[in-house]
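Observations on chain architecture
Chain by chain, the residues run as shown.
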Amino acid sequence: MTGRALGYRLLGRGFDYLLHLRPAEWPIMAAHTTLGYLLAVGLAGAAGPTLGVAALGIALWVVPLNGGTLAINSAFDKDEGDVAYLRQPPPPPKHLFWFGLVLMLLGDLVSAYTMPKTYRALYGSCLMLSVLYSVPPFRLKAVAGADWVINLLGFGAMTPMAGWATTGRPLDGWIVCVTIGFGALFAALYPLTQLYQFEEDQRRGDRTFALVVGLTRSLDVALACAALAFLAFAVAGEQAGWGSDPLRWGALAVAAAAWGAVLVPWRRRARAMTPAEHQRGMHLALGAWAVTDLAALVGWGR
């Protein structure tokens, strides 16, 4: 019995609500949020006194905030084809929008009583961006450029910031450059998540960033933003006093090479690729992102 079949047996059609939270993304989001926490305390201090608060903060960021965001997005998109982290999505349940919104608001309420001030500000800001992104009449995901900016801020920069903020430490010094780097890196990743959905986005009339910019120029943007990201990481390394440490700089070079290995061949073959091949390319880019997270731990988490 598949996991989806078991879910329907246990929860009936209520399982549709869980699927639209896209739990397949939770490990990725949790890892990126946890990265911020580990950069704040170091690997040696990961089990320290802030661990309990951090675990709660990461859980709130991943499930109510991110899961709720994806649920309200699905409520208005009514996707029929595969979407990121959800293959063969079921039709959106009748109350999916309210389910997602209430979940996000409950997370905000819990954070108000349990989390440090900076984390609360980041959660509230992301909640507002999520509504502006998905919900008519705003629906900024259908406005080319606005969709890109919201995602590079929310997932790219603010997610590791939130992990850091669970400790109550101020956001200053090299961590600012690191989060700028991750913002730029998500600016590279975001158009890649849209390349395999051109036809469905056109049918809906959504003017997504990738549709407006075009196939090959989207990949040019991805290459340029990835280069800017690693420039920001290099500046952060200098600020953190890496000096000539070969392990730290080597890890960063491996991560940069992983992105180059994904993006350069993709750019060369883009016009001949099928939607399924573009989707595989997106998954390879997610793998390069994971390598970058590990490089960041080697560089700043020791």
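Each value, and the rule that gives it
- Residues numbered from 1 in each chain as written.
- Predicted model: local features only at pLDDT ≥ 70, side-chain atom pairs only at ≥ 80, totals over all residues.
- Heavy atoms only, no water.
- Helix = DSSP H or I, 4+ residues; strand = E, 2+ residues; numbered from the N terminus.
- Rg over C-alpha atoms; globule rule 2.2 N^0.38 Å.
- Buried < 20%, exposed > 50% of the residue type's maximum accessible area, 1.4 Å probe, protein only.
- Areas by Shrake-Rupley, 256 points an atom, 1.4 Å probe, with all protein chains shown as cover.
- Lys, Arg positive; Asp, Glu negative; His and termini not counted.
- Charge placed at Lys NZ, Arg CZ, Asp CG, Glu CD.
- Contact = heavy atoms within 4.5 Å.
- Salt bridge = Lys/Arg side-chain N within 4 Å of Asp/Glu carboxyl O.
- Core = buried A, V, L, I, M, F, W, Y, C linked by side-chain atoms within 4.5 Å.
- Patch = residues over 30% accessible without salt bridge, like charges linked within 9 Å, V, L, I, M, F, W, Y side chains within 5 Å.
- Axes fitted to C-alpha atoms, helices over the stretch in contact; angles between N-to-C directions.
- Parallel < 35°, antiparallel > 145°, perpendicular 65-115°, else oblique.
- Left-handed = near helix turned anticlockwise from the far one by under 90°.
- Nonpolar A, V, L, I, M, F, W, Y, C, P; charged D, E, K, R; others polar.
- pLDDT = per-residue confidence, 0-100.
- Phe/Tyr/Trp six-rings, centres within 6.5 Å; stacked < 30°, edge-to-face > 60°.
- 1 Å grid on protein atoms, 1.4 Å probe; cavity = no way out; pocket = protein on both sides within 12 Å on 5 of 7 lines; lining within 4 Å.
- Points joined across faces, edges and corners; volume = space filled by probe spheres on them.

Regarding the overall build of the chain
A count of helices and strands for the chain gives 13 helices and zero strands. If you list the helices and strands of the chain from N to C, you get α-α-α-α-α-α-α-α-α-α-α-α-α. A globule of 302 residues ought to have a C-alpha radius of gyration of about 19 Å, and the chain, at 19 Å, matches this closely. Along the longest, intermediate and shortest principal axes, the C-alpha atoms of the chain span 55 × 50 × 40 Å. Considering the chain as a whole, with its 302 residues, one finds that 51% of them fall into the buried category. Roughly 13,300 Å² of accessible area belongs to the chain as shown, and the carbon and sulfur atoms make up 67% of that amount. The chain carries 23 positive and 18 negative side-chain charges, and their two centres are separated by 2 Å.

What about unusual backbone geometry?
A cis amide bond links Pro-136 to the next residue, Pro-137, at an omega of 5°. Of note, Pro-137 is situated in the loop between α6 (117–134) and α7 (146–165). Positioned with a positive phi, Arg-139 is a non-glycine residue whose angle comes to about 40°. By the element assignment, Arg-139 lies in the loop between α6 and α7.

Thoughts on the environment of Leu-152
Tracing the backbone through its elements, the reader meets Leu-152 in helix α7. Remark: the alpha-carbon pair of Leu-152 and Tyr-190, spanning 38 residues in sequence, is separated by 7.6 Å. Look past the residues within four positions of Leu-152 in its chain and what remains in contact with it is Ala-157, Gly-183, Phe-186 and Ala-187.

A short note on the pattern of salt bridges
When charged atoms on two side chains of opposite charge get close, those side chains can pair. Applying the stated rule across the entire model yields three salt bridges. Close ionic contact of Asp-220 with Arg-267 constitutes a salt bridge, the shortest N to O distance being 2.7 Å. Of this pair, Asp-220 sits in helix α11 (residues 215–239) while Arg-267 sits in helix α12 (residues 246–269), and the two are 47 residues apart along the sequence. Under the relative-accessibility criterion, Asp-220 is labelled partly exposed at 33%. Assessed through its relative accessible area of 28%, Arg-267 is described here as partly exposed. Its salt-bridge partner being Glu-277, residue Arg-269 comes within 3.6 Å of it at the nearest N-O pair. Owing to a relative accessible area of 21%, Glu-277 belongs among the partly exposed residues under this scheme.

Some details on the nonpolar core
With 82 residues, the main nonpolar core has Trp-61, Leu-192 and Trp-259 as its most contacted residues. Here this core takes 12 residues from helix α8 (residues 174–192), the largest share from any one element. Aside from chain neighbours lying at most four places away, what touches Trp-259 is Leu-185, Leu-189, Phe-230, Ala-285, Ala-288, Trp-289 and Thr-292.

Describing the side chain of Arg-248
Mapped onto the fold, Arg-248 is located in helix α12. Judged by relative accessible area, which is 17%, Arg-248 ranks as buried.

Points about a nonpolar patch on the surface
Residues Trp-98, Val-102, Leu-106, Leu-109 and Tyr-113 make up a contiguous nonpolar surface patch of about 610 Å² in total accessible area. Tracing the sequence through the fold places Tyr-113 in helix α5 (residues 96–114). You can call Tyr-113 exposed: its relative accessible area is 71%.

Quick word on the packing of helix α4 (residues 51–77) against α5
Packing of α4 against α5 brings their axes to within 8 Å, and their N-to-C directions diverge by 160°. Taken as axis vectors, α4 and α5 run roughly antiparallel relative to one another. Crossing angle aside, the handedness with which α4 passes α5 is left-handed. Here the residues of the contact of α4 with α5 are counted per class, giving 16 nonpolar, seven polar and no charged.

Some words on the confidence of the model for the chain
In the predicted model, the chain carries a mean pLDDT of 89, and 94% of its residues have values of at least 70. Per-element averaging of pLDDT across the chain places helix α1 (residues 3–11) at the bottom with 70 and α12 at the top with 97.

Remarks on the packing of aromatic side chains
Tallying each qualifying case throughout the model produces 19 aromatic pairs. On the numbers, 4.8 Å between centres and 15° between planes, the contact of Trp-148 with Phe-209 is stacked. Taken together, the residues Trp-148 in helix α7 and Phe-209 in helix α10 (residues 209–213) connect sequence positions 61 residues apart. A connected cluster of aromatic rings, assembled from ring pairs, spans Phe-155, Trp-164, Trp-174, Phe-182, Phe-186, Tyr-190, Phe-230, Phe-233, Trp-242, Trp-249, Trp-289 and Trp-300.

Some words on the layout of surface pockets
Roughly 250 Å³ of internal volume is contained in the largest pocket. Taken together, 13 residues make up the lining of the largest pocket; nearest its centre are Tyr-196, Gln-197, Phe-198, Glu-199 and Pro-275. Taken together, the elements giving at least two residues each to the lining of the largest pocket come down to α9 (198–204) and α13 (275–300). Of the residues contributing to the lining of the largest pocket, the split by class is six nonpolar, three polar and four charged.

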